[in-house]
Amino acid sequence: MPSLFDMSLDPTVVVAVVSALSAVASAFVSWSGLRRQSLPDVIAYVGPSPEFPDFAALYIRNVGNAPAFDVRAEIDGEMPDAFEKWGGGASKSFIETGVPMLAPDAVRGVMVAPFDVLMEWDAPASLGVSWARRQGGRLRMSGKYPVEFRSFGGVLTGGGEYSYELRNISESLGRIASAEKSREFMSRMMRR
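Anyway, here's the lowdown on the structure attached to this text. (Residues numbered from 1 in each chain as written. Predicted model: local features only at pLDDT ≥ 70, side-chain atom pairs only at ≥ 80, totals over all residues. Heavy atoms only, no water.)

Some remarks on the overall build of the protein chain
In step 1: Scanning the protein chain for helices and strands turns up five helices and seven strands.
In step 2: Reading the secondary structure of the protein chain in the N-to-C direction produces α-β-β-β-α-α-β-β-α-β-β-α.
In step 3: The buried share of the protein chain, reckoned over its 192 residues, is 32%.
In step 4: Across the protein chain, every contact between residues at least 6 apart in sequence was considered, and the portion connecting residues at least 24 apart equals 70%.
In step 5: When the accessible surface of the protein chain is totalled, it reaches about 13,100 Å², and 59% of it is carbon and sulfur. (Helix = DSSP H or I, 4+ residues; strand = E, 2+ residues; numbered from the N terminus. Buried < 20%, exposed > 50% of the residue type's maximum accessible area, 1.4 Å probe, protein only. Contact = heavy atoms within 4.5 Å. Areas by Shrake-Rupley, 256 points an atom, 1.4 Å probe, with all protein chains shown as cover.)

Here it is in structure tokens:
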């Protein structure tokens, strides 16, 4: 019986086999890319609070393209004492309660403390996050992210200690100016 190597192959058979293999590879690459695009991906990070830019906040965000279900977060290590004093701690946040569903690009956050209070804190801590791809799913994905504040040293996060008050004053002055313009306009209209 001749072996496979002893046989001469018809070029059309070789072309057909190569074409079939490339079609299978192409289908696998397409399926893999589509699958990756339809997965949730939850990350955790530290950043300034939008309402109070001088305050640090701890966030989780779904950066994937599908909802993440049963999102759970757990702090590994010690958080600064200021977390309980200023931010209310984990007990009043997603860290304790979890999130039933986190939509794509959705965020949950908890205030920690003012950045200037946190600059000296350097104990290692991380936030572990886990989530399910399907509602009621048993298969869980997870990630662990560092919680640190020192890298914000020297970074302009807000407008200083009184940034919130200054923003309120600015908005009030804007409303007063707008009201004055409206009165002027009405006065001119009445004179005509």
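From this point, the narrative continues.
Brief notes about the sheet that holds strand 2 (residues 55–62)
Strand-to-strand pairing in sheets goes through backbone hydrogen bonds, with the strands running parallel or antiparallel.
In step 1: Judged by pairing direction, the sheet is antiparallel, and its three strands sit side by side in the order 1-2-5 without closing on themselves. Of all the strands in the sheet, the pair left with one neighbour each is strand 1 (42–48) and strand 5 (107–114). Going across the sheet, the axis of each strand differs from the next one's by a mean of 20°, ignoring polarity.
In step 2: Two strands pair when backbone bridges link them, and strand 1 and strand 2 are joined in this way by seven bridges, in the antiparallel orientation. (Pairing = 2+ DSSP bridges. Axes fitted to C-alpha atoms, helices over the stretch in contact; angles between N-to-C directions.)

Re the sheet that holds strand 3 (residues 68–77)
In step 1: Read across the sheet, four strands follow the order 4-3-6-7 without closing on themselves; strand pairing throughout is antiparallel. Every interior strand has two partners, whereas the edge strands, strand 4 (99–102) and strand 7 (140–146), have only one. Strand after strand, the sheet turns through a mean of 35° between neighbouring axes, direction not considered.
In step 2: In the sheet, strand 6 (residues 125–132) pairs with strand 7 via seven bridges, with the strands oriented antiparallel. When the sheet's bridge partners are listed, Leu-127 is paired in strand 7 with Tyr-145.

Thoughts on the nonpolar core
In step 1: Counting 32 residues, the largest nonpolar core has Leu-58, Ile-60, Val-71, Val-112, Leu-127, Val-129 and Phe-149 as its most contacted members.
In step 2: In terms of residue count, the dominant contributor to this core is strand 6 (four residues).
In step 3: Residues in contact with Ile-60, not counting those within four places in the same chain, are Val-42, Ile-43, Ala-44, Val-71, Phe-94, Val-99, Leu-102, Ala-106, Val-107, Arg-108, Leu-127 and Val-129. (Core = buried A, V, L, I, M, F, W, Y, C linked by side-chain atoms within 4.5 Å.)

So, unusual backbone geometry
In step 1: The backbone of Asp-70 shows a phi angle near 50°, a positive value even though the residue is not glycine.
In step 2: Here Asp-70 lies in strand 3.
In step 3: Given a relative accessible area of 31%, Asp-70 falls into the partly exposed group.

Side note on the pattern of salt bridges
In step 1: Per the stated rule, a full pass over the model turns up four salt bridges.
In step 2: Note that Arg-72 is salt-bridged to Asp-70, the shortest N-O span being 2.6 Å.
In step 3: Taking the relative accessible area as the measure of exposure, Arg-72 reaches 44% and is therefore partly exposed.
In step 4: Between Asp-70 and Arg-140 there is a salt bridge; the shortest N-O distance is 3.1 Å. Here Arg-140 lies in strand 7 and Asp-70 lies in strand 3, a separation of 70 residues in the sequence. (Salt bridge = Lys/Arg side-chain N within 4 Å of Asp/Glu carboxyl O.)

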